[in-house]
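# Structural features, examined
Listed below are the residues making up each chain.
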Amino acid sequence: MANKQVWTATGRRKQSVARVTLVGGTGNITVNGKDVNDYMPFATLVMDLKQPLVITNNENRFDITVNVSGGGFSGQAGAIRLAIARALLKFDANTDQTREDSYRHILKTNGFVTRDPRVKERKKYGLRKARRAPQFSKR
């Protein structure tokens, strides 16, 4: 059997961690053993995680297998998007990165290479949530 080349990457967002495997194929995306449209409840989330593929014209070039855990659907979609972008960077690693048509330049200018650092703030003692104070009663 011929050895297929595989590119793997990890993406994180909020509490979610996504591990992505890119293999040459027809554009199938599988998330935790299910089709991406069956796994994600909203079409906007599917569009969001496919953005790196769309912007680099690779929608039908790779079969993608995703293993994602933690967080909600929005965080998972963000983690998958970052992992796909990182895997595309590994795929395009041999080209000149200073060129305008390199994947690195395209993905970086659109903000897909940066990890979003926003996470839930921890709860403080004496408060109901991170910043929500108990209701004040004058009497």
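Quick look at the structure, then. A quick note: this is a predicted structure, and the numbers were derived from the prediction, not measured. (Residues numbered from 1 in each chain as written. Predicted model: local features only at pLDDT ≥ 70, side-chain atom pairs only at ≥ 80, totals over all residues. Heavy atoms only, no water.)

## Thoughts on the nonpolar core
The biggest cluster of nonpolar side chains holds 31 residues, and the ones touching the most others in it are Met 40, Ile 64 and Ile 80. At the level of elements, strand E1 (6–13), strand E2 (16–24), strand E3 (29–31), helix H1 (36–39), helix H2 (43–55), strand E5 (62–69), helix H3 (73–91) and helix H4 (103–109) are the ones that each hand at least two residues to this core. For this core, the leading source of residues is H3, giving nine residues. Setting aside residues up to four positions removed in sequence, Ile 64 forms contacts with Val 20, Thr 21, Leu 22, Asn 28, Ile 29, Thr 30, Leu 53 and Ile 84. (Core = buried A, V, L, I, M, F, W, Y, C linked by side-chain atoms within 4.5 Å. Buried < 20%, exposed > 50% of the residue type's maximum accessible area, 1.4 Å probe, protein only. Helix = DSSP H or I, 4+ residues; strand = E, 2+ residues; numbered from the N terminus. Contact = heavy atoms within 4.5 Å.)

## Structural notes on the side chain of Arg 13
Note that Arg 13 resides in strand E1. At a separation of 3.4 Å, a polar atom in the side chain of Arg 13 contacts the main-chain carbonyl oxygen of Arg 118. Apart from residues lying up to four places away in sequence, Arg 13 is in contact with Gly 75, Gly 78, Ala 79, Arg 115, Asp 116 and Arg 118. (Polar contact = N/O pair within 3.5 Å; in protein donor to acceptor, adjacent residues only side chain to side chain.)

## Focus: the pairing of E1
Residues of E1 alternate between two faces, with Trp 7, Ala 9, Gly 11 and Arg 13 buried on one and Val 6, Thr 8, Thr 10 and Arg 12 left unburied on the opposite face. As judged from the eight bridges shared by E1 and E2, these two strands associate in the antiparallel manner. Within E2, the position partnered with Trp 7 by the bridge is Leu 22. Once E1 ends, the chain turns through two residues before running back antiparallel as E2, passing Lys 14 with a positive phi of about 55°. (Pairing = 2+ DSSP bridges.)

## Focus: the pairing of E5
Taking every second residue as pointing to the same face, the buried face of E5 carries Phe 62, Ile 64, Val 66 and Val 68, while none of Asp 63, Thr 65, Asn 67 and Ser 69 on the other face is buried. Here E2 runs beside E5; their pairing, made up of eight bridges, is antiparallel. In the sheet register, Leu 22 faces E5, and the bridge partner there is Ile 64. Sheet analysis places E3 next to E5, joined by three bridges and oriented parallel.

## A closer look at the pattern of salt bridges
Taken as a whole and judged by the stated rule, the model has six salt bridges. Here Asp 48 ties to Arg 81 by a salt bridge, and the two come within 2.9 Å at their closest N and O atoms. Residue Asp 48 is located in helix H2, and its partner Arg 81 is located in helix H3; the two are separated by 33 residues in the primary sequence. Note that Arg 99 is salt-bridged to Asp 101, the shortest N-O span being 2.7 Å. According to the relative accessible area criterion, Arg 99 is partly exposed, its value standing at 44%. Salt bridges here are not isolated pairs; linked through shared partners, they connect Arg 13, Asp 116 and Arg 118. (Salt bridge = Lys/Arg side-chain N within 4 Å of Asp/Glu carboxyl O.)

## Overview of the packing of aromatic side chains
Counted by the stated rule, this structure contains five aromatic pairs. A centroid spacing of 6.0 Å and a plane angle of 80° characterise the contact between Trp 7 and Phe 62, whose relative ring orientation is edge-to-face. With a gap of 55 residues between them, Trp 7 in strand E1 and Phe 62 in strand E5 connect regions that are remote in the sequence. Under the relative-accessibility criterion, Trp 7 is labelled buried at 14%. For the ring pair Phe 62 and Phe 91, a centre distance of 5.0 Å and an interplane angle of 80° mean the geometry is edge-to-face. Separated by 29 residues along the polypeptide, Phe 62 in strand E5 and Phe 91 in helix H3 bring together distant segments of the chain. Among the aromatic residues, ring-to-ring pairing joins Trp 7, Phe 62, Phe 91 and Tyr 103 into one connected group. (Phe/Tyr/Trp six-rings, centres within 6.5 Å; stacked < 30°, edge-to-face > 60°.)

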